[in-house]
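# Working through the structure, step by step
Read off the chains here:
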Amino acid sequence: MGTPEQEPNHLANEKPHEVRITRSYLLGVHEVTRGQFRAFVNDSGYKTDAEKGGFALIWTGNEWQRRSGGSWRDVGFEQTDDHPVVNMSWNDSVAFARWISRKESRHYRLPTEAEWEFACRAGTNTAYPWGDNPDDGVGFANAADQTAKRQFPHLTAFNWDDGFVYTAPVGSFKPNAWGLYDMIGNALEWCSDYYGEYSDGVVVDPKGPAKGDKIGARVLRGGSWYNRPGDIRVGFRHSHAANYQLNVIGFRLALDPMVALRHE
């Protein structure tokens, strides 16, 4: 886990270290979609952090804006129910996981950061799931590319066209070696962990720090439709407070296959 110092764009918080994952888990083939989140809201009446706060944080391609009345329903660009749901806070993501867990009597949750990276790497140790050369990523990811750069010339972008300026329907690109789509790009994905420095030595089934920093930041991984090549590497780490939401942030779920919930 982590990245070697010689990897281009390596950061200090990506310290390489050995991790052992001993517990079976399943990971969603796709990011949670807008249609799936809509079903949750329709069933439960849930209000997201954006809706409770009265605004969404929107990246326009040129600047961040506070959109009054914005939320996952209004993210600043067109989406269908097949797109990843965005403007999701960590709190919103956990609420969805609890809802579907109750519906199915199974234990859905956000993946740990270690589980996320293990699944994203899919047996590789390169900067990207497709290798070390960013130019070889055509067809694998929806990220800042020449399509977006034509609309936003200031972007640092990949040297290929993915055909999308903003989010794409889930599964539009090639999966990694383990059949998982959009692990890199499309939407940043929340992990369960508090953000913190990696541990030294070998760690087994890590769940991150026992407590968060002064804002209780949680880990985000995977990059999004607007991320540049250096920020969309497998080992790149990002974080925000649990109530923070942006139109580049979504999530995918993990499932503990042997755990059944008991209803009181």
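Residues numbered from 1 in each chain as written. Predicted model: local features only at pLDDT ≥ 70, side-chain atom pairs only at ≥ 80, totals over all residues. Heavy atoms only, no water.

The backbone of Ser105 shows a phi angle near 55°, a positive value even though the residue is not glycine. For Ser105, a relative accessible area of 27% translates into the label partly exposed. Residue Ala122 is not a glycine yet carries a positive backbone phi of 50°. By secondary structure assignment, the location of Ala122 is in the loop between α4 (113–121) and α5 (146–151). By relative accessible area, which is 8% here, Ala122 ends up buried. (Buried < 20%, exposed > 50% of the residue type's maximum accessible area, 1.4 Å probe, protein only. Helix = DSSP H or I, 4+ residues; strand = E, 2+ residues; numbered from the N terminus.)

This part is about the pattern of salt bridges. All told, the structure shown has 21 salt bridges when counted by the stated rule. Taking the shortest distance from any N to any O, the salt bridge between Asp74 and Arg67 comes out at 3.9 Å. Taking relative accessible area as the criterion, Asp74 reaches 31% and is therefore assigned partly exposed. You can call Arg67 partly exposed: its relative accessible area is 29%. A salt bridge links Glu115 to Arg109, with the nearest nitrogen and oxygen atoms 2.9 Å apart. Overall, the relative accessible area of 9% leaves Glu115 in the buried class. Through salt bridges that share partners, Glu113, Glu117, Arg121, Arg221 and Arg237 make up one connected network. (Salt bridge = Lys/Arg side-chain N within 4 Å of Asp/Glu carboxyl O.)

In terms of nonpolar packing, the biggest core is built from 42 residues, with Phe37, Phe40, Phe96, Phe251 and Leu253 touching the most fellow members. Only α1 (34–44), β3 (55–59), α3 (90–104) and β6 (188–194) provide two or more residues apiece to this core. The element contributing the most residues to this core is α3, with seven residues. With residues near it in sequence (within four places) discarded, Phe96 still touches Val32, Gln36, Phe37, Phe40, Phe251 and Leu253. By size, the runner-up hydrophobic cluster in this structure holds 20 residues, among which are Tyr128, Trp160, Leu180 and Val219. (Core = buried A, V, L, I, M, F, W, Y, C linked by side-chain atoms within 4.5 Å. Contact = heavy atoms within 4.5 Å.)

The subject of this paragraph is the sheet that holds strand β8 (residues 218–221). Reading across the sheet, the four strands line up as β9-β8-β6-β10 and stay open at both edges, with mixed pairing between neighbours. In this open sheet, the two edge strands, each paired with only one partner strand, are β9 (237–240) and β10 (249–250). Looking at chain direction, β8 and β9 are connected through four bridges and run antiparallel. Across the sheet, residue Val219 finds its bridge partner in β9, namely Ser239. (Pairing = 2+ DSSP bridges.)

Under the definition given, this model contains 23 aromatic pairs. Arranged with centres 5.3 Å apart and planes meeting at 45°, the rings of Phe40 and Trp99 form a pair that is tilted. Remark: Trp99 occurs in helix α3 and Phe40 occurs in helix α1; sequence separation between them is 59 residues. Like Phe40, the residue Trp99 is buried in the burial classification. Site record: aromatic cluster; members linked through ring pairs are Phe37, Phe40, Tyr46, Trp72, Phe96, Trp99 and Phe251. Sitting above the plane of the Trp90 ring, Arg218 keeps its charged end 3.9 Å from the centroid. Its end group placed over the ring of Tyr198, Arg237 keeps NZ or CZ at 4.0 Å from the ring centre. (Phe/Tyr/Trp six-rings, centres within 6.5 Å; stacked < 30°, edge-to-face > 60°. Lys NZ or Arg CZ within 6 Å of the ring centre and 35° of its normal.)

With respect to the helices, strands and loops of the structure, Cys120 is situated in helix α4. By relative accessible area, Cys120 is classed as buried at 0%. As a C-alpha pair, Cys120 and Pro229 span 109 residues in sequence and 16 Å in three-dimensional space. Setting aside residues no more than four positions away along its own chain, Cys120 makes contact with Pro129, Asn176, Met183, Ile184 and Val234.

Here β8 shows two buried faces, one formed by Arg218 and Leu220 and the other by Val219 and Arg221. As paired strands, β6 and β8 are joined by three bridges and run antiparallel to one another. From the neighbouring strand, Glu189 faces β8, where its bridge partner is Arg221.

With that out of the way, let us pick up the side chain of Ser71. As for its position among the elements, Ser71 is in the loop between β4 (64–68) and α3. Discounting residues that sit within four places of it in the chain, Ser71 has contacts with Thr48, Ala50, Glu51, Ala56 and Asn87.

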